[in-house]
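Letter by letter, the chains look like this.
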Amino acid sequence: MSSDNTPDVIVIGGGPAGSTVSTLLAQRGAKVRLYERDTFPRFHIGESLIPETYWVFKRLNMLDKMKASAFVKKYSVQFVNAQGKLSAPFYFDENKPGEQSQTWQVIRSEFDTMMLDNAREHGVDVRQPARVLEVLFEGDRAVGVKVQKEGGGSEEVRAKVVVDASGQSTMLQNKFKLRLWDPILNKGAIWTYWEGAYRDAGKDEGATVVIQTPNKQGWWWYIPQHDNTVSIGVVAPFDYLFKGRGGHEQVFNEEKDACPEVIKRLSTGQRRGGYYATKDYSYRSSQVAGDGWVLIGDAFGFLDPLYSSGVLLALKSGELAADAIADGLAAGDTSAAQLGRWGDVFNKGVDRMRRLVCEYYDGFSFGRFVKTYPHLKGKVTDLLIGDLFDDHVDEVWGPLESLYAPDKTAIPTWKDGTPPDDVNKVNELYLPEDPMR
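Definitions and limits used
- Note that residues are indexed from 1 along each chain, following the sequence as it is written.
- Restriction of local features to residues with pLDDT of at least 70 applies here, the model being predicted, together with a cutoff of 80 or more for giving and counting side-chain atom pairs; totals for whole chains, interfaces and linings are based on all residues.
- Hydrogens and waters are ignored; side-chain quantities use all the structure's heavy atoms.
- Runs of H or I in DSSP of at least four residues are treated as helices and runs of E of at least two as strands, each being numbered from the N terminus.
- Just to be clear, the radius of gyration here is over C-alpha atoms, and the globule rule we use is 2.2 Å times residues to the power 0.38.
- The contact definition used throughout considers only heavy atoms, calling two residues in contact when any of these lie within 4.5 Å.
- The protein chains shown are the only cover counted for residues, whose accessible areas, like all others here, come from Shrake-Rupley with a 1.4 Å probe.
- Note on charges: Lys and Arg go in the positive column, Asp and Glu in the negative column, and His and the chain ends are not counted at all.
- To locate a charge, take atom NZ for lysine, CZ for arginine, CG for aspartate or CD for glutamate.
- DSSP bridges decide pairing: two strands pair if at least two such bridges lie between them.
- What counts as an axis is a line fitted to C-alpha atoms, over the stretch in contact for a helix, and the angles between N-to-C directions run from 0 to 180 degrees.
- By the definition adopted for this analysis, an angle is roughly parallel if under 35 degrees, roughly antiparallel if over 145, roughly perpendicular if from 65 to 115, and oblique otherwise.
- When the near helix sits turned anticlockwise from the far one by under a right angle, the crossing is termed left-handed; a clockwise turn instead gives a right-handed crossing.
- Under the scheme applied here, ten amino acids are nonpolar (Ala, Val, Leu, Ile, Met, Phe, Trp, Tyr, Cys and Pro), four are charged (Asp, Glu, Lys and Arg), and all others, including Gly, are polar.
- By nonpolar core is meant a set of buried Ala, Val, Leu, Ile, Met, Phe, Trp, Tyr and Cys residues that side-chain atoms within 4.5 Å join together.
- Here the term buried applies to any residue with accessible area under 20% of the maximum for its type, exposed to any over 50%, and partly exposed to those in between, with areas from a 1.4 Å probe on protein chains only.
- Within this document, salt bridges are pairs made up of a side-chain nitrogen of Lys or Arg and a carboxyl oxygen of Asp or Glu, the two lying within 4 Å of each other.

Within an unreviewed UniProt entry, the label attached to the chain reads Tryptophan 7-halogenase, and the organism entered is Gemmata palustris.

Take a look at the structure:
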């Protein structure tokens, strides 16, 4: 690799995707410089992990740190339907016995800091806070970045590969107008935190509970944390939540008061902190890489958080991209084809999770499916743990379709989505004045 101080790879963003790609590249001998604009710890939503993160954590040398952490252990997910009926828990280890089937509920400010510190320990040159102003190009090839200097002005830093892990600010996706908005997954979310709220005992204490709203317009997440709080939020169509209904607190409480299961679970505790809101519009980039550049994590795409797949997709995209970049550097090939060779496999995995999300919104019942096809509970659990990149899980789709109503239409693919120039801009809804953590 490089013999001077010039990095081989520049990574924009120090979230889970950026930390993953940086660490794995450093393990392969690359000189990596990572620019993160925020000072950590910083607040971030997305607290629930799924078990397939285990294998990436293992490569990152993060497993011992996760095991030693205070994070709540998560063994299962459970669903509550609109009538308040609980499904049987989907225990991950009943399907795949072993420590890889236990995961965690994390406070992201703590988890993201651990991940970035781990990158530093592996030799990544982390610059923080540091703002990348733009990616530099010579023709169609990325050749470096322009970075804002602390005392004013800017400097240009060259590299063989630039990785955009900038999250939903999606620097290169915006530059090249690559974003496709999902044609149907256009949700919003309002959430807060509750101290002393109900949690199950024993193995079920750390379960994620997904609670359908009684009017079937959306669903609640219920995620126990290690600081005696529960992350509790409602997800529903954006217009339903935010148009003509008042402020975030009012809408949250209207939805809570209409859902007996949520009322019951929160009755033993009290709210802590403010109300938060965001748009959960799902999107993906029409390409994953170009000559000298790669997109990973939310800078590549965002999928509805129903099954808590966000951190897994960040880690997996970072892992796959790191292998492609390291092999490309070794071969002197940083072309779009080499750097993006993982895109098809990754997209196919995201498609599987997306389909399970869309089926849920379209009335899919886990309880009914498992009752009708008990031998396929394991395959459904595989999807829920994030085992998305293997064809064996596709066995569920035919039986699932056998339960369709006669008039059900096919789910549009993400490629049927709307390009950015043809969609009305949606106002970003970020954290209000009380960033709790």
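Q: It is not clear to me how the overall build of the chain should be interpreted in this structure. Could you clarify?
A: Summing up its helical and strand segments, the chain has 15 helices and 19 strands in all. Taking 437 residues into account, the globule formula puts the C-alpha radius of gyration at 22 Å, and the chain, at 21 Å, falls close to it. Structurally, the chain occupies a C-alpha span of about 65 × 45 × 45 Å along its principal axes. Within the chain, residue pairs in contact and separated by at least 24 positions form 76% of the contacts whose partners lie at least 6 positions apart. Carbon and sulfur atoms make up 47% of the accessible area of the chain, which amounts to about 17800 Å² in all. Charge-centre separation for the chain: the mean point of 52 positive side chains lies 1 Å from the mean point of 60 negative side chains.

Q: Explain the environment of K243 to me, please; I cannot follow it from the model alone.
A: Along the chain, K243 turns up in the loop between α7 (238-242) and α8 (248-257). K243 sits 88 residues away from E155 along the chain, and the two C-alpha atoms are 44 Å apart.

Q: Looking at this structure, how should I read the sheet that holds strand β1 (residues 9-12)?
A: Adjacent strands of a sheet pair through backbone hydrogen bonds, lying either parallel or antiparallel. Here we have six strands laid out as an open sheet, ordered β7-β2-β1-β11-β18-β17, and mixed in their pairing. Edge positions in the open sheet fall to β7 (125-127) and β17 (289-290), since each of these has one partner strand only. Across three bridges, strand β11 (residues 161-164) lies against strand β18 (residues 293-295) in parallel orientation. Along β18, the bridge assignment pairs V162 with W293. Packing of helix α1 (residues 16-27) onto the sheet brings it into contact with β1, β2 (32-35) and β11, and relative to β2 it is tilted by some 165°. The strands that helix α10 (residues 310-331) touches are β1, β11 and β18; relative to β11, the one it contacts most, it runs at about 175°.

Q: How should I be thinking about the packing of α1 against helix α2 (residues 53-60) in this particular structure?
A: Relative orientation and spacing of two packed helices are given, respectively, by the angle between their axes and the distance between those axes. Across the interface, α1 lies against α2 with an axial gap of 10 Å and an inter-helix angle of 45°. Relative to α2, the element α1 is oriented oblique. Our pair here, α1 against α2, has a crossing hand that is left-handed. Touching T20, T23, L24 and Q27 of α1 are V56, R59 and L60, all from α2. For the contact of α1 with α2, a count of residues per class yields three nonpolar, three polar and one charged.

Q: Would you mind showing me how to read the packing of α1 against α10 here?
A: Axis separation between α1 and α10 bottoms out at 8 Å; the angle between their running directions is 30°. Crossing handedness for the pair α1 and α10: right-handed. Taking contact as the criterion, the partners of P16, A17, T20, V21, L24 and L25 in α1 are, on α10, A314, L315, G318, E319, A321, A322, I325 and A326. When grouped by side-chain class, the residues that make up the contact of α1 with α10 number eleven nonpolar, two polar and one charged.

Q: Would you take a moment to explain the nonpolar core for this structure?
A: One broad trend across soluble globular proteins is that nonpolar side chains are buried collectively. Counting 108 residues, the largest nonpolar core has F57, V145, Y307 and I325 as its most contacted members. Grouped together as the second largest cluster of nonpolar side chains are 26 residues, I190, V230, V251 and V262 included.

Q: What should I look at first to understand the pattern of salt bridges in this one?
A: Opposite charge on two side chains lets them pair, provided their charged atoms get close. Within this structure, the stated rule accounts for 37 salt bridges. Across the pair R354 and D182 runs a salt bridge whose closest N-O atoms are separated by 2.6 Å. You can see R354 sitting in helix α12 (residues 343-361) and its partner D182 sitting in strand β12 (residues 179-195), a full 172 residues away along the chain. A residue is classified by how much of its surface remains accessible, and R354, at 6% relative accessible area, is buried. In this structure D182 comes out as buried when scored by relative accessible area, which is 9%. Put simply, R28, R59, K316, E319, D323, D327 and R341 are held in one network by salt bridges that share partners.

Q: Please explain the sheet that holds strand β8 (residues 132-138) as it appears in this structure.
A: Across the sheet, which stays open at both edges, the three strands sit in the order β8-β9-β10 with antiparallel pairing between neighbours. A single partner strand is all that each edge strand has here, and the edge strands are β8 and β10 (154-158). For this sheet, the mean inter-axis angle between neighbouring strands, taken without regard to orientation, is 30°. Taken together, the six bridges between β8 and strand β9 (residues 141-148) define a ladder with antiparallel strand orientation. Looking across to β9, one finds that E134 is bridged to K146.

Q: Quick question: what am I supposed to make of the pairing of strand β16 (residues 270-285) here?
A: Looking along a regular strand, one sees side chains alternate from face to face of the sheet. Within β16, twelve of the 16 residues are buried, leaving the element largely enclosed by the surrounding structure. In the sheet, β12 pairs with β16 via twelve bridges, with the strands oriented antiparallel. Note on β16: the bridge partner recorded for W191 is Y276. Relative to strand β19 (residues 301-302), β16 runs antiparallel, the two being bridged by two bridges. Within β19, the position partnered with Y283 by the bridge is F302.

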